[in-house]
Amino acid sequence: MFQGLKAKSDTILTSLIMSCGLVVTQTLPAETIFEEIHVIAEKRSESLQDLSQAVTVLKQEELDEKNIISFVDLSSIAAGLTVAKNEGFKTIVSIRGLGNEANQNLITNPSVSYHLDGVYIASPFAIQTDFLDLERIEVLRGPQGTLFGQNSTAGAINVISTAPSTDAVYGKADFSFGEFDAIRTRGSINLPLGDKAALRASLSYYEHDGFSQNIVLGQDLDDANNIAVRLRFLLQPLEDLSVNITAQYFNEDSNGAAQKSLLDATPGKRNVAQDSIAEYSLESQIFSLIVEWDFNSFSFKSLSSYQKDDILIRRDNDRTDINSLPPFSLLPSFYDAETGKPTTVTQEFNIISRQALFGKIDWIVGAFYLNTKIETSILERIDFGFDGTFDPFTQADVFAFNGDFGFITDSAPERESISVYGQGTYSFSRSLRAIAGTRLTYDKIESSVSNFFGRSGTENIERSTNALTGRVALEHDIDENMLIFGSWTRGFKPGGVNLTFGRENIIAPAIVLPIFEDEKIDAFELGIKTDLLNGRIRANIAAFYYKYENLQFQATDPEVFEGGVGNIPDTESYGMELEMLASLAKGLTMDLKLSLLETKITSNFLALDNVQSDSVTNALLFPVCGGNLFCDQIQLARAAAITDVEGNDLGKAPKLSADLSFRYEQPVANWGNFSSTFQFTYRGKFNQRIFNNPLTDKVPAYKTVNTIFSFDASNELWGVDFLALNIFNENGVNARFTDAFGVGSTSDELIPPRQLMGRVRVYFQ
């Protein structure tokens, strides 16, 4: 079934699982039982082991032990989850091989939806923020076509922050320090305001010097300078009524990520030679109001939010130094600058049963509204003279097709979405249940686009769609410790409009259209959740098969600067996942997460790889076209490079990924408790894009080893940690990025290098 998987790694991991199972049966202590975990994956609190979905839960303790600071750190930690960087500042989250393959169009939706305390977070930039004062993270694998709705075709991630309490004054703080002059300070305090109100304030500050350096300009890259603040206010005027008001602010101001071009021969994996500065800043604000009111037979919840982001990026778009390359080999390009300002308003209402209808049916109904606007601007400079200077240009130069400029756009797309949904669980008996749910969504997008300062006028494009999605599942309790389930889910991600697209079919056929279609998925899943040996082994297994229609991807047109989003008619993927917790001996536990995946484009589809299109463009630009990017010969040559991508793998879909941890805990006399964690993470190789270009798309596998040693005092007032991250200093490639709109440069972005860190923790009450 899984042809092409790395046989050696598969054999090692299989042997390891079997040997661990043998150790458990021989040395298992009688008193160790794993705790029950409750989640809100279906918008009501339920035991993880009673849920007929594949869900990974990472609690606050595990986040700290594994130094999970942001979404990027989750890659391969949760089974089937891959997190890759794009353009140095975008985070692409994929689950089971499905992510956002069209992320260079800001109006496209991700395939993994992000929710903070139940509130849908719309901006793709908000996912760049650091985690702050969390209780847990829930990773829901598979389409969420009913309760989480549009653009959850791959899954959803629920981030649950620590709630305020009226119980007492208490808090915590920690201070971390380490290599690269790293400093991380975090603190939170809970303040009761009488019997009916409370405030929780949280703060995080994180900075470190660059992991990489631009040796031409002497600029550090991969540095950090982040601050995050959250205030959560709880008001409980009645015993059954609660109001939560949250304000969250995040600011990052850095030089940006190191992206090393494949053409850059500078010695040292983390040294780059680039002749343009890099700059990155992000300001993210989220305000939410959540009202919950419990009645006898149901609970009512209202979730309101206002979200605003402001991002600015300057980067060397060719990612090279003009003096280090052969003459005329790659057009020097500089983004000066790219900005994005998304503003979003959301409102959701839901009603959840507290008593089963007719003693048989648990139910939930709801409605959701979203309005998001994005102001985006891109100004690209191109040194057509290859003289090391980006000459100034005027609007008149742009209108006359003359000057040192590349792609220029100003656009203001707006999306509005309205949906209603409902789901019910019918109990045939105490051990057999059926689940059915549906969601009706109306989605509309309007876009006003002015490219090249309005050289071709301002285009106003509209598109709307209606979609019906849903889920049917059957779950059966074999006994009180084993659940089996099967499900079918239909999900969809709305289409939209392109900023640029093919404008004529005279010289060469246009393959990028003004609008792109809805992406649809039919997902089939079988799973088993079981606790064995009186709860001392917990094993959850899921197998799935996905069939996609109109998968959205970043497409290129034969016309220069006219790339956009296209649709691949048919693709499929299938795989299996294992999550296992086991107590191997007294104080020693094992945590294994393993994912196997196969993906494939299953229909004939003609597409243009912009690596090929830019290659033929550069070859003809000066010898044939005299520096004119828009000459007919270039467009014809680009059209001749169109190929059929049937049979290719999907992007960012490793065939094998695994995370294995061992944790040992031991009391130290009457002084406190010692613990240590050993973590091995393997992320398999994958293709960055659907073109599977052997020169640019093959992202190699990497493996990392982390350890942490901790001591917690017996009075529970302080603790210390020593962390060794990426012990063997693996220069793993997180992602390999090829710019679809720029000059076709391909570059690698690496995972962080080895870091040795110390941390001091204090608690007070």
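Everything quoted here is computed from the prediction, not taken from an experiment.

In this section: the overall build of the chain. Of regular secondary structure, the chain possesses five helices and 44 strands. For 765 residues, the compact-globule formula gives about 27 Å, and the C-alpha radius of gyration of the chain, at 26 Å, lands near that figure. For the chain, the C-alpha atoms occupy an extent of roughly 80 × 55 × 55 Å along the three principal directions. Residue burial in the chain is summarised as follows: out of 765 residues, 59% are buried. Long-range contacts, defined here as pairs at least 24 residues apart, represent 70% of the contacts in the chain between residues at least 6 apart. Element-wise, carbon and sulfur atoms account for 58% of the exposed surface of the chain, whose accessible area totals about 29700 Å².

To continue, consider helix α4 (residues 610-621). Helix length check: α4 (twelve residues) gives 15 Å between terminal C-alpha atoms against 16 Å at 1.5 Å per residue, within 8%. For α4, the full list of buried residues reads N610, V611, S613, D614, T617 and L621. Each buried residue of α4 lies within a common arc of 160° when the element is viewed along its axis, so the set occupies one face. Buried residues along α4 sit in contact with α5 (632-640), β42 (733-738) and β43 (746-750). If you check the start of α4, you find a side-chain oxygen 2.9 Å away from the backbone N of V611, and it comes from D609.

Attention shifts here to the side chain of Q552. Looking at where Q552 falls in the secondary structure, it is placed in strand β31 (residues 537-555). A relative accessible area of 2% places Q552 in the buried class. Residues contacting Q552, with those up to four places away along its chain left out, are E101, K493, P494, G495, F516, E517, D518, E519, V565, G566 and N567.

Right, let's talk about the environment of L581 for a bit. Of note, L581 is situated in strand β32 (residues 564-585). The partly exposed category is assigned to L581, whose relative accessible area is 24%. Separated by 72 residues in the primary sequence, L581 and A653 have C-alpha atoms spaced 25 Å apart. Aside from chain neighbours lying at most four places away, what touches L581 is F34, R536, I537, R538, M590 and D591.

This brings us to the sheet that holds β43. What the three strands build is an open sheet, ordered β17-β43-β42; its pairing is antiparallel. Looking at strand neighbours, the two that pair on one side only are β17 (260-261) and β42, the edges of this open sheet. As paired strands, β42 and β43 are joined by five bridges and run antiparallel to one another. Note that in β43 the partner of F737 across the bridge is S747.

This part takes up empty space enclosed by the protein. Tallied over the entire structure, the rule returns 17 cavities of 30 Å³ or more. Estimates place the volume of the largest cavity at around 1100 Å³. For the lining of the largest cavity, the secondary-structure elements that each account for two or more residues are β12 (197-208), β15 (224-238), β16 (241-254), β37 (672-683), β40 (702-713) and β43. For the lining of the largest cavity, the element with the highest residue contribution is β40, accounting for three residues. Here the residues of the lining of the largest cavity sort into 18 nonpolar, 17 polar and nine charged. Empty space within the second largest cavity amounts to approximately 240 Å³. As for the second largest cavity, its lining consists of 20 residues, and the residues nearest its centre are T91, N100, P110, P124 and I127. Listing elements by their share of the lining of the second largest cavity, those giving two or more residues are β5 (90-95) and β6 (112-116).

Bringing the pairing of strand β10 (residues 170-178) into the picture now. Examined bridge by bridge, β10 and strand β11 (residues 182-192) share nine bridges and lie antiparallel to one another. Bridged to G171 within β11 is I189. Between the antiparallel neighbours β10 and β11 lie three residues, among them F180 with a positive phi of about 60°. With eight bridges joining them, β10 and strand β44 (residues 755-764) adopt antiparallel strand pairing.

A separate point is the pattern of salt bridges. According to the stated counting rule, one finds 46 salt bridges in the structure shown. A salt bridge links E135 to R136; the nearest nitrogen and oxygen atoms lie 2.5 Å apart. Given a relative accessible area of 37%, E135 falls into the partly exposed group. For R136, a relative accessible area of 9% corresponds to the buried category. A salt bridge links K301 to E292, with the nearest nitrogen and oxygen atoms 3.6 Å apart. Note on K301: relative accessible area 23%, which makes it partly exposed.

The subject of this paragraph is α5. Among the residues of α5, I634, Q635, A637, R638 and A639 are the ones counted as buried. Taken together, the buried residues of α5 touch α4.

The mixed open sheet is built from three strands, whose spatial order is β14-β13-β18. Each edge of the sheet is formed by a strand with only one pairing partner; in this case those strands are β14 (219-221) and β18 (271-272).

Over the atoms a probe the size of a water molecule is rolled, and this reveals where empty space is left. The volume enclosed by the second largest pocket comes to roughly 870 Å³. Elements supplying a minimum of two residues to the lining of the second largest pocket: β8 (134-141), β9 (155-161), β15, β16, β19 (279-294), β20 (298-316) and β21 (333-353). For the lining of the second largest pocket, the per-class residue count stands at 13 nonpolar, eleven polar and 13 charged.

Turning our eyes to something else, we now look at unusual backbone geometry. Cis geometry marks the peptide bond from D336 to A337; its omega dihedral reads 10°. Its location among the elements puts A337 in strand β21. One non-glycine residue, N692, lies in positive phi territory at about 55°. Here N692 lies in the loop between β38 (686-687) and β39 (698-699).

All told, the structure shown has one disulfide when counted by the stated rule. A sulfur-sulfur distance of 1.8 Å marks the disulfide that ties C625 to C631.

Our next topic: the nonpolar core. Counting residues in each nonpolar core, the largest one holds 64 residues, and the members touching the most others are I157 and V159. It is β31 that contributes the most residues to this core, six residues altogether. Once you skip the residues sitting within four places of it in the chain, V159 turns out to touch F71, Y114, H115, L116, D117, F131, L134, R136 and I137.

Judged by how many residues are buried, β6 sits mostly within the fold: five of five residues are covered. Here β6 runs beside β9; their pairing, made up of five bridges, is parallel. Looking at the pairing, H115 lines up with N158 of β9. Connecting the antiparallel pair β6 and strand β7 (residues 119-121) is a turn made up of two residues, with D117 showing a positive phi of about 55°.

Right, let's talk about the packing of aromatic side chains for a bit. Enumeration over the complete set of coordinates arrives at 25 aromatic pairs. Between the aromatic rings of Y546 and Y548, the centroid separation amounts to 6.2 Å while the plane-to-plane angle is 75°, which identifies the pairing as edge-to-face. When sorted by exposure, Y546 lands in the same class as Y548, which is buried. Here the aromatic rings of F553 and F691 are separated by 6.3 Å at their centres, their planes lie at 65°, and the arrangement is edge-to-face. You can see F553 sitting in strand β31 and its partner F691 sitting in the loop between β38 and β39, a full 138 residues away along the chain.

Parameters at a glance
Residues numbered from 1 in each chain as written. Predicted model: local features only at pLDDT ≥ 70, side-chain atom pairs only at ≥ 80, totals over all residues. Heavy atoms only, no water. Helix = DSSP H or I, 4+ residues; strand = E, 2+ residues; numbered from the N terminus. Rg over C-alpha atoms; globule rule 2.2 N^0.38 Å. Buried < 20%, exposed > 50% of the residue type's maximum accessible area, 1.4 Å probe, protein only. Contact = heavy atoms within 4.5 Å. Areas by Shrake-Rupley, 256 points an atom, 1.4 Å probe, with all protein chains shown as cover. Expected span 1.5 Å × (residues − 1). Arc of directions from axis to C-beta. Polar contact = N/O pair within 3.5 Å; in protein donor to acceptor, adjacent residues only side chain to side chain. Pairing = 2+ DSSP bridges. 1 Å grid on protein atoms, 1.4 Å probe; cavity = no way out; pocket = protein on both sides within 12 Å on 5 of 7 lines; lining within 4 Å. Points joined across faces, edges and corners; volume = space filled by probe spheres on them. Nonpolar A, V, L, I, M, F, W, Y, C, P; charged D, E, K, R; others polar. Salt bridge = Lys/Arg side-chain N within 4 Å of Asp/Glu carboxyl O. Disulfide = S-S within 2.5 Å. Core = buried A, V, L, I, M, F, W, Y, C linked by side-chain atoms within 4.5 Å. Phe/Tyr/Trp six-rings, centres within 6.5 Å; stacked < 30°, edge-to-face > 60°.

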